[in-house]
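# Observations on chain architecture
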Amino acid sequence: MVKSLHPPRLPLEVLQDFLLDRYGLTAAWQPLEGERDQNHRLTVEGGRSCVFKLCNPEEGDAIIACQALLLEHIARSDVALPVPRLIRDRNGEALPVLPFDGLTYPVMLLSYLPGHVIGEADLPPAALRRLGEMLARLGVAMRGFIHGAPAGRRLVWDTQHAGDLADHVEGLLPEDRPLAREVLSTHRVLTVPKLAKLRSQIIHGDIHPYNTLMSDDATITGLIDFGDVVHAPLVQDLSNAVSDFLFPGRDHAATIYEMVRGYCRVAPLEEAETEVILDMIEVRLLMTALVESLKASMGISPQGYFGQFNSRAIPLIRELRAIDRDGLHATIRRAAAFPPAAAAARSGDILERRRQVMGQKPYVFYDPPLHLVRGEGIWLFDETGRRFMDCYNNVPCVGHCHPYVTEAIARQARKLNTNTRYLTDESIIYAERLIALSHDSLGAVVFVNSGSEANDLAWRMAKAWTGNRGGLAMEFAYHGVSEAIDAFSPSNAPASWNAPHIRLLAPPDDYRGPYRRGEPGLAEAYAAMADAPIASLQEAGFGLAAFMTDSAFMTNGILDVAPGYLQAVVDRVRAAGGLFIADEVQSGFGRMGTHFWGHRHHGVVPDFITIGKPAGNGYPVGAVITRHEILENFLRNGPFFSTFGGGNVACAAGIAVLDVVRDEGLVENARVTGDDFRDGLRGLMQRHGLIGDVRGVGLATGVELVRDRESREPAGRETSRLVNLLRDEGVLMGSEGRLGNIVKIRPPLVFSRENADFAVAAIDRALARL
Ligand code: PMP
């Protein structure tokens, strides 16, 4: 397991002749310390420095060749990484061989890296972080390198095989042995099985303070000595290095934090990797003590700095153990940007805790409420691990936690997150993408953070453009929370709604309204209902600044709107001097299946498109898309700026969502799956008299429940019971409409036919239990 640790000692003249013969160089020679190889620093003509490395043949040809290939690989994959560059000889050979005394010695000529070894220098936090970054870059640079030799070797220094040194615990001081046994046993029982599942590759294996060079300004200038390359878990390079940069009496938590944090800034760790770091640090420390004990058993006395360095190991383990273990784990998770690993509270507790801090009247779905801890695609998971099919949420339009979107968010968050008062690529790209999806007349974008803000801003722009102050909204509409938009949202407080400058328009409800499905002239009949409220605004002196509606008519019960209706209303609005705000918070991003925007489904060109909810798949993203002249007119009175609106991360999320909607064909999926879904639901009408109507477009479906199909008596209580029963069935839906008797089905757009069949079967069962 351990070879002779004595480096070769060939006469200098032999080496000098070899250098001249193979490399055509003469140089001034200066010996360098080396544990296994005979190393010299050369100063060649012109003052350039190199390292002449006469390799110890006992290492074996394969591993030496591997090192040479690896250095060349790194030179290709990360040109700026400060590792030695291999200089080939005059014949183009990477590893010429020097025969001497019956043995053959491979030679490497390497570039000399400036700086001094870090040794015991107490590094400031920024330097530790840079060291972590370097390690991560090294790991990334070596990722694509493959060679059989490192996998086949079993080095004493290979932390994953710490158990090989178990016999040498006996060589430690008696008082240290129990601690050593405990560290080894934890490693064997708990850590080794985890290591088997981690990302593995060829790693450096031995980044320590004497293999790491630094300049006077604390820049890392060199990572040297690739003699310990092994095939091992990637995180081992980090845990080894962290362990070796701990020194007694220093702030260990800070060292660990900074190095892990630096590492993760370049290459994020996987959660499972963070779990082994602490054990691997301890094991590495222990190994330095055990290798000393092994060497002593072989009669090798401590050399150079090693004896001193290694003697710090056991005291350090004790210092680490004196620190709160959970706290150290939490430090590592924090450094790696994972949330605290808190055990999930049970629902009972959490409801009470919520009341304590978020108000006594929790506004939550279901009774008892759902305590969710995870989401994936169309599935949500509660604290017991039970999964629920999400047929309700339109925010995660491309599916909960879609990896393409979460990665885009994380990547951008690591890179830059600032605001639009600087020129930023992401905001421009996102604006261009939104404009490309919109009518040619809509060429300007303003970023905000939510649907409410987008509507609020559109409303301000509409007032500025028209000079009018009155607004038109649908009865029972919802458009947001700001004071101005609350006035457009009678559903917020149906009984007390009062906004003198807003008029409400009866919804074009062809199931329950005054004009019914199948009647001729339906669109015009409902549109004509806008005449009176518009006239009333004029009479009151407000005039009409804007009409705002949601193309899916979601809060009105997800209506099947007669073709031509919306255009006929908008014509009336424009004739009165008003603008049309298409609130696409619900209907946009393909929800309606026929087009990307809901207003296109109605064949209307709006003056404003406002977006929110699905735009960032859960990351706050909002925007107003409008005509240039409307924006310029608005800005005449002063600039508009929203700190987070259009931030790099928000835009990265927005761009990623657009990519997924396009690449996964989600508009088309909404159409096909939605139609199938409604067919399935209509199929239930034969068995369940409670279903009065099934309607909607794309993946926006309303199922209206009635106690009697003739009288259409609304079944509000039954709807709320059904929704709770469906929750028991593992399917999440909501109720909607002024009468609360419409089952709202609005799943993520990645919903499949199989999902639809599952949901239909669940409704069938739940209705049977009602
Ligand atoms: N408009 C519509 C049609 C909405 O459904 C909503 C939110 N449900 C909003 C605006 C408000 O969006 P936010 O909650 O992001 O402010």
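Residues numbered from 1 in each chain as written. Predicted model: local features only at pLDDT ≥ 70, side-chain atom pairs only at ≥ 80, totals over all residues. Heavy atoms only, no water.

### Some points on the overall build of the protein chain
Selection criterion: The helix and strand labels rest on DSSP assignments: H or I over at least four residues marks a helix, E over at least two residues marks a strand, and numbering proceeds from the N terminus. To get the radius of gyration, use the C-alpha atoms; to get the globule rule, take the number of residues to the power 0.38 and multiply by 2.2 Å. Working definition: with a 1.4 Å probe on protein chains only, accessible area under 20% of the residue-type maximum means buried, over 50% means exposed, and in between means partly exposed.
The number of helices and strands found in the protein chain is 26 helices and 27 strands. What you see for the protein chain is a C-alpha radius of gyration of 35 Å, clearly larger than the 27 Å of a compact globule of 770 residues, by over 25%. Overall, the protein chain is about 105 × 60 × 45 Å in size when its C-alpha atoms are taken along their principal axes. Considering the protein chain as a whole, with its 770 residues, one finds that 56% of them fall into the buried category.

### Things to note about the domain arrangement of the protein chain
Note the following rule: Residue ranges assigned to each domain were obtained from an automatic or database domain assignment.
Partitioning the protein chain into structural domains gives domain 1 (3–111), domain 2 (117–335), domain 3 (347–397 + 665–770) and domain 4 (403–663). Just the C-alpha atoms count here: the centres of domain 1 and domain 3 sit 70 Å apart.

### A short note on the environment of Pro-99
Positionally, Pro-99 belongs in strand E5 (residues 97–100). For Pro-99 and Arg-591, which are 492 residues apart along the polypeptide, the C-alpha to C-alpha distance reads 75 Å.

### A short note on empty space enclosed by the protein
What counts here: A pocket here means an open set of points on a 1 Å grid, computed over the protein atoms alone, that has protein on both sides within 12 Å along at least five of seven lines. A cavity is instead a set of points where a 1.4 Å probe fits but cannot get out; residues with an atom within 4 Å of a point line either one. Grid points are joined across faces, edges and corners, and a volume is the space filled by probe spheres set on the points. Ten residues, namely Ala, Val, Leu, Ile, Met, Phe, Trp, Tyr, Cys and Pro, are considered nonpolar, four, namely Asp, Glu, Lys and Arg, are considered charged, and the remaining ones, Gly among them, are considered polar.
By the definition in use, this model includes 1 cavity of 30 Å³ or more. Roughly 40 Å³ of volume is contained in the largest cavity. Looking at the largest cavity, the residues that line it are Ile-691, Val-703, Leu-705, Leu-722, Val-743, Ile-745, Ile-763 and Leu-767. If you list the elements that add at least two residues to the lining of the largest cavity, you get strand E23 (700–708), strand E27 (742–745) and helix H26 (753–769). Considering only residue class, the lining of the largest cavity consists of 8 nonpolar, no polar and no charged.

### Some points on the sheet that holds strand E21 (residues 622–626)
Keep this limit in mind: Paired strands, as defined in this entry, are two strands with at least two bridges between them according to DSSP. Angular values range over 0 to 180 degrees, each being the angle between N-to-C directions of two axes fitted as lines to C-alpha atoms, with helices fitted over their stretch in contact. Whether two residues touch is decided by their heavy atoms; if any such pair falls within 4.5 Å, the residues are in contact.
Spatially, 7 strands are ordered E15-E21-E20-E19-E18-E16-E17 in an open sheet, and the strand pairing comes out mixed. If you trace the sheet from one side to the other, it starts and ends with strand E15 (444–448) and strand E17 (502–505), each paired once. In this sheet, neighbouring strand axes are inclined to one another by 20° on average, regardless of whether the strands run parallel or antiparallel. Those strands touched by helix H18 (residues 531–539) are strand E16 (471–474) and E17, and its axis lies near 170° from that of E17. Packed onto the sheet, helix H19 (residues 565–575) meets E16, E17, strand E18 (546–550) and strand E19 (579–583) and runs at close to 160° relative to E18.

### Side note on helix H24 (residues 666–683)
The following threshold applies: Take the residue count of a helix, subtract one, and multiply by 1.5 Å to get its expected span. The directions considered for the arc run from the helix axis to the C-beta atoms.
Helix length check: H24, at 18 residues, gives a terminal C-alpha distance of 25 Å against a target of 26 Å (1.5 Å per residue), a fit within 8%. Of the positions making up H24, those classed as buried are Leu-666, Val-667, Ala-670, Thr-673, Gly-674, Phe-677, Arg-678 and Leu-681. Axial view of H24: buried residues confined to an arc of 140°, hence all on one face. Looking at the buried side of H24, the elements it contacts are helix H23 (648–663), strand E22 (691–697), E23, E27 and H26.

### As for the site of the ligand
The line we're drawing: Definition of nearness: a residue and a molecule or strand are near each other if at least one heavy atom of the residue lies within 4 Å of the molecule or strand. Under the rule applied, a polar contact is a pair of N or O atoms within 3.5 Å (in protein, one hydrogen donor and one hydrogen acceptor; residues adjacent in sequence only if both atoms are side-chain atoms). In this description, accessible areas are obtained by the Shrake-Rupley approach with a 1.4 Å probe, and a residue is regarded as covered only by the protein chains that are shown.
Around the ligand sit Ser-450, Gly-451, Ser-452, Asn-455, Tyr-478, His-479, Gly-480, Asp-583, Val-585, Gln-586 and Lys-613, and those are all the residues in its vicinity. Contact distances for the ligand include 2.4 Å between an oxygen atom and a side-chain N or O atom of Ser-452. Gln-586 places a polar side-chain atom, nitrogen or oxygen, 2.6 Å from an oxygen atom of the ligand. Here the ligand loses 83% of its free accessible area of 400 Å² to cover by the protein chains. Grouping the amino acids of the shell around the ligand by side-chain chemistry returns 2 nonpolar, 7 polar and 2 charged.

### Examining the side chain of His-168
On the secondary structure map, His-168 appears in the loop between helix H4 (148–152) and helix H5 (177–195). The class of His-168 is buried, set by a relative accessible area of 17%. In this structure, His-168 is in contact with Leu-290, Ser-293, Leu-294 and Ser-297, ignoring residues within four places of it in sequence.

### Here's the deal with the packing of aromatic side chains
For the record, the criterion: Stacked, edge-to-face and tilted labels apply to pairs of Phe, Tyr and Trp rings (six-membered ring for Trp) whose centres lie within 6.5 Å, assigned for plane angles under 30 degrees, over 60, and everything in between, in that order. For a lysine, the NZ atom is tested; for an arginine, the CZ atom; a charge sits over a ring if that atom is within 6 Å of the ring centre and within 35 degrees of the ring normal.
The tally for this structure, following the rule as stated, stands at 15 aromatic pairs. Pairing Trp-379 with Phe-758 gives two aromatic rings, centres 6.1 Å apart and planes at 80°, and the pair type is edge-to-face. Placement of Trp-379 in strand E13 (residues 379–382) and of Phe-758 in helix H26 is noted, with a sequence separation of 379 residues between them. When the ring of Phe-677 is compared with that of Phe-751, the centres are 5.4 Å apart and the planes differ by 25°; the resulting orientation is stacked. Here Phe-751 lies in the loop between E27 and H26 and Phe-677 lies in helix H24, a separation of 74 residues in the sequence. Taken together, the ring pairs connect Phe-18, Trp-29 and Phe-52 into an aromatic cluster. Positioned over the ring face of Phe-641 is Arg-421, at 5.1 Å from the centre of the ring.

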